[in-house]
Amino acid sequence: MDKRAPQRRLGSLPPEGRTRLLALGTALAATAAAALWAASGKESANTPAALAPVPVQMAVVRPEGVETASGAAFSAVLHHDREARLAFRLPGRIAALPARIGSRLPQGAVVARLEPEVYAAAAQRAAADAARAGRAAERLAGLAREGAAPGAQAGDAKDLAGAAQAGLAAARADLTATRLTMPFPGTVIERLAEQGEVVGAGQALLTIADTASPLLARAQVPASLAAGLRAGQPGTVRLADGRDLAARVLRKAAGAEARTGLVTVELALAGTTGALSGAPASVRFPQAVPGPGAADGVQRIPAEALIEAQGGTASVYVIDQGGRARRRSVRLLGLADRDARVAGLPTDARVVTLGAGFVRDGQRVEVTR
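Keep in mind that what you see is a predicted model, and the values were worked out from it rather than measured.

Parameters at a glance
- Residues numbered from 1 in each chain as written.
- Predicted model: local features only at pLDDT ≥ 70, side-chain atom pairs only at ≥ 80, totals over all residues.
- Heavy atoms only, no water.
- Helix = DSSP H or I, 4+ residues; strand = E, 2+ residues; numbered from the N terminus.
- Buried < 20%, exposed > 50% of the residue type's maximum accessible area, 1.4 Å probe, protein only.
- Contact = heavy atoms within 4.5 Å.
- Areas by Shrake-Rupley, 256 points an atom, 1.4 Å probe, with all protein chains shown as cover.
- 1 Å grid on protein atoms, 1.4 Å probe; cavity = no way out; pocket = protein on both sides within 12 Å on 5 of 7 lines; lining within 4 Å.
- Points joined across faces, edges and corners; volume = space filled by probe spheres on them.
- Nonpolar A, V, L, I, M, F, W, Y, C, P; charged D, E, K, R; others polar.
- Pairing = 2+ DSSP bridges.
- Polar contact = N/O pair within 3.5 Å; in protein donor to acceptor, adjacent residues only side chain to side chain.
- Expected span 1.5 Å × (residues − 1).
- Core = buried A, V, L, I, M, F, W, Y, C linked by side-chain atoms within 4.5 Å.
- Axes fitted to C-alpha atoms, helices over the stretch in contact; angles between N-to-C directions.
- Parallel < 35°, antiparallel > 145°, perpendicular 65-115°, else oblique.
- Left-handed = near helix turned anticlockwise from the far one by under 90°.
- pLDDT = per-residue confidence, 0-100.
- Salt bridge = Lys/Arg side-chain N within 4 Å of Asp/Glu carboxyl O.

Draft legend 1. Looking closely at the overall build of the chain. Check the secondary structure of the chain and you find four helices and 24 strands. When burial is assessed residue by residue, the chain has 33% of its 369 residues classed as buried. Counted over contacts in the chain with a minimum sequence separation of 6, partners at least 24 positions apart contribute 74%. Of the roughly 22000 Å² that the chain leaves accessible, carbon and sulfur atoms contribute 55%.

Draft legend 2. Expanded view of the layout of surface pockets. One number sums up the size of the second largest pocket: a volume of about 330 Å³. Every residue lining the second largest pocket is counted, 17 residues in all, and those nearest its centre are H80, T211, L215, A275 and L276. Grouping the constituent residues of the lining of the second largest pocket by class yields seven nonpolar, nine polar and one charged.

Draft legend 3. Seen up close, the sheet that holds strand β7 (residues 104–105). Spatially, four strands are ordered β5-β12-β10-β7 in an open sheet, and the strand pairing comes out antiparallel. Edge positions in the open sheet fall to β5 (83–87) and β7, since each of these has one partner strand only. Where β5 meets strand β12 (residues 204–209), five bridges bridge the pair, whose relative direction is antiparallel. When the bridges of β12 are listed, A87 appears paired with A204.

Draft legend 4. Spotlight on the side chain of Q299. Looking at the element boundaries, Q299 is found in strand β18 (residues 299–302). Side-chain polar atoms of Q299 contact the backbone oxygen of L345, separated by 2.7 Å.

Draft legend 5. Helix α2 (residues 117–146), seen in detail. The terminal C-alpha atoms of α2, which comprises 30 residues, lie 44 Å apart, in line with the 44 Å expected from a rise of 1.5 Å per residue. Buried residues belonging to α2 abut α3 (151–176). Downstream of α2 by one or two residues, G147 has phi in the positive range, about 80°.

Draft legend 6. Broad picture of the environment of L216. Tracing the chain through its elements places L216 in strand β13 (residues 215–222). With sequence-adjacent residues up to four places away left out, L216 is seen in contact with V77, L78, H79, D81, L250, R251, E266, L267, A268 and L269.

Draft legend 7. Looking closely at the side chain of S282. Relative to the elements of secondary structure, S282 occurs in strand β17 (residues 280–284). Discounting chain neighbours no more than four positions away, the residues touching S282 are F74, S75, A76, T236, V237 and R238.

Draft legend 8. View of the nonpolar core. One finds L78, V221, V237, L269, V283 and F285 to be the most contacted residues of the largest nonpolar core, which totals 23 residues. When contributions to this core are tallied by element, the ones reaching two or more residues are β4 (73–80), β13, α4 (223–226), β14 (234–239), β15 (244–252), β16 (262–269) and β17. What V237 contacts, discounting residues up to four positions off in sequence, is L78, A217, R243, D244, L245, A247, L269, A281, S282 and V283. Counting 22 residues, the second-largest nonpolar core is a separate cluster that includes L105, A112, A177 and V188.

Draft legend 9. Highlighting the sheet that holds β15. Read once around its circumference, the closed barrel built from six strands follows the order β4-β13-β16-β15-β14-β17, with strand pairing classed as antiparallel. Between one strand axis and the next, the sheet turns through 40° on average, direction left out of account. Summarising the sheet, β4 and β17 pair through five bridges and their orientation is antiparallel. The residue bridging F74 from the neighbouring strand is V283, located in β17.

Draft legend 10. Inspection of α3 at higher detail. End to end, α3 covers 38 Å across 26 residues, agreeing with the expected 38 Å (1.5 Å per residue, within 8%). All of the buried residues in α3 are A154, A157, A161, A164, L168 and A171. The secondary structure elements touched by the buried residues of α3 are α2.

Draft legend 11. View of the pairing of β16. Sheet topology places β13 next to β16; seven bridges connect them, and they run antiparallel. Counterpart to A217 in the pairing with β16 is L267.

Draft legend 12. The pairing of strand β20 (residues 313–319), seen in detail. Burial analysis of β20 places six of its seven residues in the buried class, the great majority of the element. Judged from the two bridges that link them, strand β19 (residues 307–310) and β20 form a sheet pairing that is antiparallel. When the sheet's bridge partners are listed, Q310 is paired in β20 with T313. The turn joining β19 and β20, which pair antiparallel and follow one another in sequence, is formed by two residues; a positive phi near 65° is taken by G311. Hairpin connection between β20 and strand β21 (residues 325–336): a loop of five residues separates the two successive antiparallel strands, and G323 in this loop has a positive phi of roughly 80°.

Draft legend 13. Molecular detail of the packing of α2 against α3. Running from amino to carboxyl end, α2 crosses α3 at an angle of 160°, the nearest separation of the two axes being 8 Å. The pairing of α2 with α3 is recorded here as roughly antiparallel in orientation. Between α2 and α3 lies a crossing of left-handed hand. Along the lines of polarity and charge, the residues of the contact of α2 with α3 split into 21 nonpolar, five polar and four charged.

Draft legend 14. Layout of the confidence of the model for the chain. Overall, the prediction assigns the chain a mean pLDDT of 83, with 81% of residues at 70 or greater. Below a pLDDT of 50 lies the segment residues 32–43, which in the model reaches zero contacts outside its immediate sequence neighbourhood of four places, other chains included. Every residue in residues 288–295 is under pLDDT 50, and counting partners more than four places away or in other chains gives 18 contacts.

Draft legend 15. The pattern of salt bridges, seen in detail. Under the counting rule described, the total for this entry stands at 15 salt bridges. Between R218 and E266 there is a salt bridge whose closest N-O contact spans 2.7 Å. Here the residue R218 occupies a position in strand β13, and E266 occupies one in strand β16, the gap between them amounting to 48 residues. Residue classification places R218 among the partly exposed positions, given a relative accessible area of 41%.

Here it is, written out as structure tokens:
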């Protein structure tokens with residue numbers, strides 16, 4: 001006898017059985033759908049569009065050969081090309097300070113004196129020591145020639161005499177240094193001490209200027225602007241009285257200040273201005289004018305913006321209008337200082353610099369500077 005129960009069709013089941021079976025099927029289908037939805041949601045959460053914005057820094061693509069791209073004004077201070085702050089190299093009390101603001105003095109003129117007594121006594125003592133050491137060296141040298149003293153002892157005495165002479169020379173130099181003199185012809189433009197004050201070594205007493213030297217405007221500008229500045233390039237200096245004077249770039253610092261990222265630039269003012277050293281001013285540069293290289297489509301970007309550079313090709317991330325990073329291929333033409341020479345980017349495109357290695361194509365970015 002076959003003990004297996006015969007299979008029943010769904011239609012042969014009682015109503016309550018069909019209901020339980022249909023409910024079970026619906027529950028299984030809902031569970032499967034939920035699992036698929038969770039899996040798809042997990043996958044979409046990892047797409048670049050769903051990731052949180054990555055903080056980055058950026059730079060604007062600029063054509064090679066553009067002199068400057070800014071008409072902004074930058075604060076400046078006027079000074080003569082030849083200025084100096086005068087100070088004693090020794091400490092002491094100021095015995096005299098005859099130089100006054102506006103005094104015109106020749107080279108070598110005495111502008112200040114320290115009380116010399118201490119240094120005069122030191123020089124006198126050094127002279128006595130040198131004389132005594134010299135006599136001892138002569139006496140031992142004579143005895144050594146007669147065989148009455150070892151030659152080594154005479155040699156030591158000679159060395160001591162030489163050291164004493166060197167000490168005497170140093171003491172006399174210190175005595176001379178109690179008189180402060182003009183290193184070049186000039187005018188006193190600042191007085192920072194008074195007679196009777198005790199000053200330390202290197203403490204500034206006076207600022208002098210060679211008024212025959214060119215008057216300069218010293219400004220600090222962003223590194224991106226300074227990179228395009230060249231010696232002889234024109235600029236405009238506005239004085240405190242509102243006058244605009246023609247000027248030309250004389251020199252710029254070799255690097256930016258680490259704290260501010262600004263570069264010091266000096267411009268020489270043309271002709272006689274009547275302006276005073278130390279006066280405030282502002283500096284402007286003309287608008288951008290394409291130079292050699294700009295017509296060739298050669299562009300400059302910071303070298304740190306490059307990713308996966310190989311041979312003559314590389315990639316960069318360009319920030320689009322929606323704030324997303326889009327990977328772009330460029331032709332790599334070489335390096336120039338801290339810049340990369342490239343071609344193939346849109347004009348004025350913004351490229352990711354710091355943080356480029358942590359960005360995905362299409363991901364949102366947040367520019368921090």
